[in-house]
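Inside the fold
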Amino acid sequence: MDSFNADLHIHSPHSIAVSKKLDLDTMVETCKKKGLDILGTGDVLQPDWLKYLEKNLKKDSDGAFSYKTVFFILQTEIEDLDSIHEVVFFPDFSTVREVQKKLKPYSKNILGEWGGRPRVNLPSTELVDVITDFGAVIGPAHAFTPFRAIFRQNKYATLEQCYQDAVKKVKFLELGLSANTDLADRLDSLKNISFLSNSDAHSESPRSLGREFNKIKMENPSFDELALALERKNQRKIELNVGLHPKLGKYYNMFCNKCRRRVTFGKSEKTRDTLFNDYTISEEFIKIVSQNPLNARKAYINNVSKGKIVCPACKEKINKNIKIKLGVSERIEVISTSAEPIHPNHRPLYFNVVPLMDIIRAVKKIKSTNSVTVLKSYDKMLNELGTEFDILIDKEIEEIKKFDEKIATVIEAIRNNKVEYTPGGGGTYGQIQLEI
Ligand SMILES: [Zn+2]
Ligand SMILES: [Zn+2]
């Protein structure tokens, strides 16, 4: 049996806000740098992208698709009638075409130029039935995000509530960038399902592609083997989930739906408590100060859940009543069944990583995400030390120190969970805080 590094949810230039440079060649380039073996194709139901993939992907004797040195799983994301996003994997191109035909009457954009992630007006239960009847595999995408996800605010709290009788046919759940297994395993109803950590990349950049991935133990990189691994059958399984610390994700913290400020809590110097009335507003944050921030936060989350809290910044600055929305971490607090994670025996380790380019940027104090200095340093590091995943996960820190002492120290701190993060939220990514 082999181990494969797989990022199984990405998009194509036929989805909104995707890099025009993203194609099989640029994907392969990035996979080589990162150490990725398998990629989801993204958007496989979109007719132009489907044609391009059919023309270029080669099918091996064991049923795996490949382009140059990288293997591919035929994959898409669908938005259902409930506005829930689902990730779908297909065994072969003929199944993709059959599903496309079957879903067409329920979708206005599935054959459109921008139909990369089609909206299909079927309830979640029926969509699961249709997909699995064709032998494809489906599961909820970025399950906890505040928008278009199964567990979003005012939506479901368990898989059963959403999928009802079809729940048995749902074989995985995608954590999303702002969640990890420590958060998701606080929900008892998720103990039997396999978790996937995927990038949902909209670009070929090494900052995006493979920023989350799964190490999967299987015989070969085919759909059949992946299906077995998701069900943990015949020794096939997910061995490791790798991804951003949840605080680095875009939706970890609660936020205002309009000004997108994140709401945080701090200790007040005052002796008398004034519930939620004391706060400071900055460009990006609303900080609520209280004598007992922990209790205040709890009460606040409870009220946000009920739709009772308006954004003080929007009230003050534009005289509008805009509701605060829960982030991933607070939503999980609300629907969790335990205060601490209870990991089932089959659950693999979740390993925190930060894209190497972002570590280099932070160390060199460079803001720009496409700085030539950072790019040069990144390529030089890979040339000397190996793939990005090697450097982030396996390489001896002493070896990395020979290249750059500061970068090595940061990687060590991230590996040992000794880094402070400014939490992301409301669409803004979190950041690592460095004191070097
Ligand atoms: Zn999505
Ligand atoms: Zn606001």
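Residues numbered from 1 in each chain as written. Chains lettered and ligands numbered in written order. Predicted model: local features only at pLDDT ≥ 70, side-chain atom pairs only at ≥ 80, totals over all residues. Heavy atoms only, no water.

Quick word on the coordination of the zinc ion (ligand 2)
Those protein atoms acting as donors to the zinc ion (ligand 2) are Cys256 (SG), Cys259 (SG), Cys311 (SG) and Cys314 (SG), and they sit at 2.3 to 2.4 Å. Because the angles between the four donor atoms bound to the zinc ion (ligand 2) fall within 104 to 115°, the donor set is best described as tetrahedral. Each donor residue of the zinc ion (ligand 2) belongs to the same chain, with the gaps between them written as C-x2-C-x51-C-x2-C. Of this pair, Cys256 sits in strand S12 (residues 255-256) while Cys314 sits in helix H9 (residues 312-318), placing them 58 residues apart in sequence. As far as burial versus exposure is concerned, Cys256 and Cys314 are alike and both buried. (Donors = N, O, S within 2.8 Å, 3.2 Å for Na, K, Ca; no water. Tetrahedral: all angles 85-135°; square planar, octahedral: opposite > 155°, others 65-115°. Helix = DSSP H or I, 4+ residues; strand = E, 2+ residues; numbered from the N terminus. Buried < 20%, exposed > 50% of the residue type's maximum accessible area, 1.4 Å probe, protein only.)

Section: the coordination of the zinc ion (ligand 1)
Glu77 (OE), His85 (ND1) and His142 (NE2) make up the full set of protein donors to the zinc ion (ligand 1), lying at 2.1 to 2.2 Å. Each donor residue of the zinc ion (ligand 1) belongs to the same chain, with the gaps between them written as E-x7-H-x56-H. Of the residues examined, Glu77 reaches a relative accessible area of 0% and is grouped as buried.

Describing unusual backbone geometry
Even without being glycine, Asp43 reaches a positive phi, approximately 50°. By the element assignment, Asp43 lies in the loop between strand S2 (38-40) and helix H2 (47-56). A relative accessible area of 0% places Asp43 in the buried class.

Description of the packing of aromatic side chains
Aromatic ring pairs are reported here in terms of the distance separating the ring centres and the angle at which the planes meet. By the definition in use, this model includes nine aromatic pairs. Here the aromatic rings of Phe213 and Phe389 are separated by 3.9 Å at their centres, their planes lie at 20°, and the arrangement is stacked. On the criterion of sequence distance, the pair formed by Phe213 in strand S10 (residues 213-218) and Phe389 in helix H13 (residues 388-394) is long-range, its members being 176 residues apart. The exposure class of Phe213 is buried, given its relative accessible area of 1%. For Phe389, a relative accessible area of 6% puts it in the buried group. An aromatic cluster is built from Phe147, Tyr251 and Phe255, whose rings are joined through pairwise contacts. For the cation-ring pair, Arg347 lies above Phe195, with the distance from its terminal atom to the ring centre recorded as 3.5 Å. (Phe/Tyr/Trp six-rings, centres within 6.5 Å; stacked < 30°, edge-to-face > 60°. Lys NZ or Arg CZ within 6 Å of the ring centre and 35° of its normal.)

Regarding the packing of helix H8 (residues 293-305) against helix H10 (residues 328-335)
Packed helices, taken two at a time, are described by their axes: the angle between them and the distance between them. Their axes nearest at 11 Å, the elements H8 and H10 cross at an angle of 90°. The pairing of H8 with H10 is recorded here as roughly perpendicular in orientation. Residues Arg297, Ile301 and Ser305 of H8 form the contact with H10, whose participating residues are Glu330, Glu333 and Val334. Of the residues assigned to the contact of H8 with H10, the class counts are two nonpolar, one polar and three charged. (Axes fitted to C-alpha atoms, helices over the stretch in contact; angles between N-to-C directions. Parallel < 35°, antiparallel > 145°, perpendicular 65-115°, else oblique. Contact = heavy atoms within 4.5 Å. Nonpolar A, V, L, I, M, F, W, Y, C, P; charged D, E, K, R; others polar.)

Some thoughts on the domain arrangement of the protein
As far as domains go, the protein holds domain 1 (2-248), domain 2 (255-326) and domain 3 (356-417). Computed over C-alpha atoms only, the centres of domain 1 and domain 3 are separated by 29 Å. With 12 residues of domain 1 at the contact, the number on the domain 3 side is 12 residues. When the two sides are added together, the surface that domain 1 and domain 3 hide from each other amounts to roughly 960 Å², 62% of it contributed by carbon and sulfur. On the domain 1 side of the contact with domain 3, Lys33, Lys34 and Arg207 bury the most area, a combined 62% of that side's loss. Applying the counting criterion to the domain 1 and domain 3 interface returns three salt bridges. Across the contact surface, domain 1 and domain 3 share five residue pairs in polar contact (both at pLDDT 80 or more). With three residues, helix H1 (residues 24-34) is the largest single contributor of residues to the side of domain 1 that touches domain 3. Residue classes in the side of domain 1 that touches domain 3 are distributed as four nonpolar, four polar and four charged. (Domains from an automatic or database assignment. Buried area = accessible area lost by both parts, 1.4 Å probe. Salt bridge = Lys/Arg side-chain N within 4 Å of Asp/Glu carboxyl O. Polar contact = N/O pair within 3.5 Å; in protein donor to acceptor, adjacent residues only side chain to side chain.)

Describing the environment of Leu356
Along the chain, Leu356 falls in helix H11 (residues 356-364). For the pair Leu356 and Val374, spaced 18 residues apart in the sequence, the C-alpha separation amounts to 9.8 Å. Leave out the neighbours within four places in its chain, and Leu356 touches Tyr378, Met381, Leu382, Glu388, Ile391, Leu392, Ile407 and Ile411.

Overview of the pattern of salt bridges
As enumerated under the stated definition, the model contains 23 salt bridges in all. Note that Arg236 is salt-bridged to Glu225, the shortest N-O span being 2.7 Å. Here Arg236, found in the loop between helix H7 (223-231) and strand S11 (237-243), pairs with Glu225, found in helix H7; they are 11 residues apart in sequence, far enough to count as distant. Using a relative accessible area of 8% as the deciding quantity, one classes Glu225 as buried. One salt bridge in this structure joins Glu333 and Arg297, with 2.9 Å as the shortest N-O distance. Residue Glu333 is found in helix H10, and its partner Arg297 is found in helix H8; the two are separated by 36 residues along the sequence. Look at Glu333 and you get partly exposed, because its relative accessible area is 30%. Each of Glu79, Arg119 and Arg148 takes part in one network of salt bridges that share partners.

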